[in-house]
Amino acid sequence: MIDRARSDRILQPIRRGIYAIAEADLDQRRAVRLGGKVACLSALRRNRVWAGLDTRLHVCVRRGAHDLHTADASRVGRPAETPRSDTNFVADPGVPRVHWQRSATPDLSTGPSNHRDWLMPPLVSLRQAVLCQSEEHAIASIDSALRTGFVTADQVGLLFRHLPRRLQHLRAEIDPAADSGNETIVRVRLRRAGFVVETQFPLPGTSPFDLLIDGVLPLDVDSRQWHSDDAQISWDFDKVLASFGAGLPSLRILPRHIHQLWPETLAVIRRTVSEAKELRDFRRGAN
Ligand SMILES: [Zn+2]
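This is a predicted model, so every value here is computed, not measured.

1. Some words on the sheet that holds strand β7 (residues 206-213)
Okay, step 1: Strand order in this open sheet of four strands is β6-β7-β8-β9, and the pairing throughout is mixed. Edge positions in the sheet fall to β6 (197-203) and β9 (251-253), since each of these pairs with one other strand and no more. Put simply, the sheet's adjacent strands are angled 40° from each other on average, direction ignored.
Okay, step 2: Helix α8 (residues 181-192) contacts β6, β7, β8 (217-221) and β9 of the sheet and is inclined by roughly 125° relative to β6.

Put into structure tokens, the structure is as follows:
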């Protein structure tokens, strides 16, 4: 039957004794070809959970695994002409990041859906992703995993029991109300810089702002990197007008202001907050 399925191209050989169905995507094929499972950031990203900026394939192999077909797995990846999008999570070509499976985490891998032969279980992948990223991206991945239902709040408790002491302080910084990973990163950076940051700040007549900084500056973090339709742009203009109308001039930033121009962006936020406070105090004094 296997021979027949192969000749009909229903099954394709991936590795000795292992076959892929035609629908298997590139990440799945590369991970199995390499002798492992899709893991860490790659497992998160295919579930639409925030997985930072590292677009390599992350694979987990058994402890002591050998005969890793790393060169084969390095050659292929997302074609350059296929733009990355919310639904195109396929990793870029290049050497995959290989994780070695821990032996003693059975309680992170329980559950009926957790035994796929090509994918690491959600909580194991999330733990790998926390260890594999910077602190701010790790917090963003946990926020996102909670928001999307990838893991439950109880499971996050379990996750922290399996994280090293040096990362326990991250728990206090988690807030699943964040709309996006980028929003989490801005919130974490601003709080660590000493600002008081409220999330999901409501303003009459418009949708809530992602963040309110020091009680005076509403800030929206625009994560729509790939598409922005006319209706959304029109709504964004309305929102700016609404905030000025309420006496709270707002800012709106894009991913590149966070990941490429943060010092400049932070300087603008600092100055705007400072001047907004002066204005607020002046008005209070005038009354
Ligand atoms: Zn990783």
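Additional details are given in the paragraphs that follow.
2. A few points about the packing of aromatic side chains
Okay, step 1: One pass over the structure, following the stated rule, counts zero aromatic pairs.
Okay, step 2: In this arrangement the basic side chain of K239 is found over the ring face of F209, its NZ or CZ atom lying 4.6 Å from the centre.

3. Some words on the coordination of the zinc ion
Okay, step 1: The coordination sphere of the zinc ion, as far as protein atoms go, consists of C40 (SG), H58 (ND1), H99 (NE2) and C132 (SG), spread over 2.0 to 2.4 Å.
Okay, step 2: In this structure, the zinc ion is surrounded by four donor atoms whose angles at the metal cover 107 to 113°, and the resulting shape is tetrahedral.
Okay, step 3: Sequence positions of the residues that donate to the zinc ion give the spacing C-x17-H-x40-H-x32-C. Of the two residues, C40 is situated in helix α3 (residues 40-45) and C132 in helix α5 (residues 122-132); the sequence distance between them amounts to 92 residues.
Okay, step 4: Under the relative-accessibility criterion, C40 is labelled buried at 0%.
Okay, step 5: When its relative accessible area of 22% is taken as the criterion, C132 is described as partly exposed.

4. Some words on the packing of α5 against helix α7 (residues 153-161)
Okay, step 1: Between α5 and α7, whose axes approach to 10 Å, the crossing angle comes to 55°. Relative to α7, the element α5 is oriented oblique. Our pair here, α5 against α7, has a crossing hand that is right-handed. Along the contact surface, α5 presents L123, L126, R127 and V130, while α7 presents Q155, L158 and L159.
Okay, step 2: Of the residues in the contact of α5 with α7, the class split is five nonpolar, one polar and one charged.

5. Considerations on the domain arrangement of the protein chain
Okay, step 1: Annotation of the protein chain at the domain level lists domain 1 (2-163) and domain 2 (181-286).
Okay, step 2: One C-alpha centre belongs to domain 1, the other to domain 2, and the line joining them spans 35 Å.

Definitions and cut-offs
Residues numbered from 1 in each chain as written. Predicted model: local features only at pLDDT ≥ 70, side-chain atom pairs only at ≥ 80, totals over all residues. Heavy atoms only, no water. Pairing = 2+ DSSP bridges. Helix = DSSP H or I, 4+ residues; strand = E, 2+ residues; numbered from the N terminus. Axes fitted to C-alpha atoms, helices over the stretch in contact; angles between N-to-C directions. Contact = heavy atoms within 4.5 Å. Phe/Tyr/Trp six-rings, centres within 6.5 Å; stacked < 30°, edge-to-face > 60°. Lys NZ or Arg CZ within 6 Å of the ring centre and 35° of its normal. Donors = N, O, S within 2.8 Å, 3.2 Å for Na, K, Ca; no water. Tetrahedral: all angles 85-135°; square planar, octahedral: opposite > 155°, others 65-115°. Buried < 20%, exposed > 50% of the residue type's maximum accessible area, 1.4 Å probe, protein only. Parallel < 35°, antiparallel > 145°, perpendicular 65-115°, else oblique. Left-handed = near helix turned anticlockwise from the far one by under 90°. Nonpolar A, V, L, I, M, F, W, Y, C, P; charged D, E, K, R; others polar. Domains from an automatic or database assignment.

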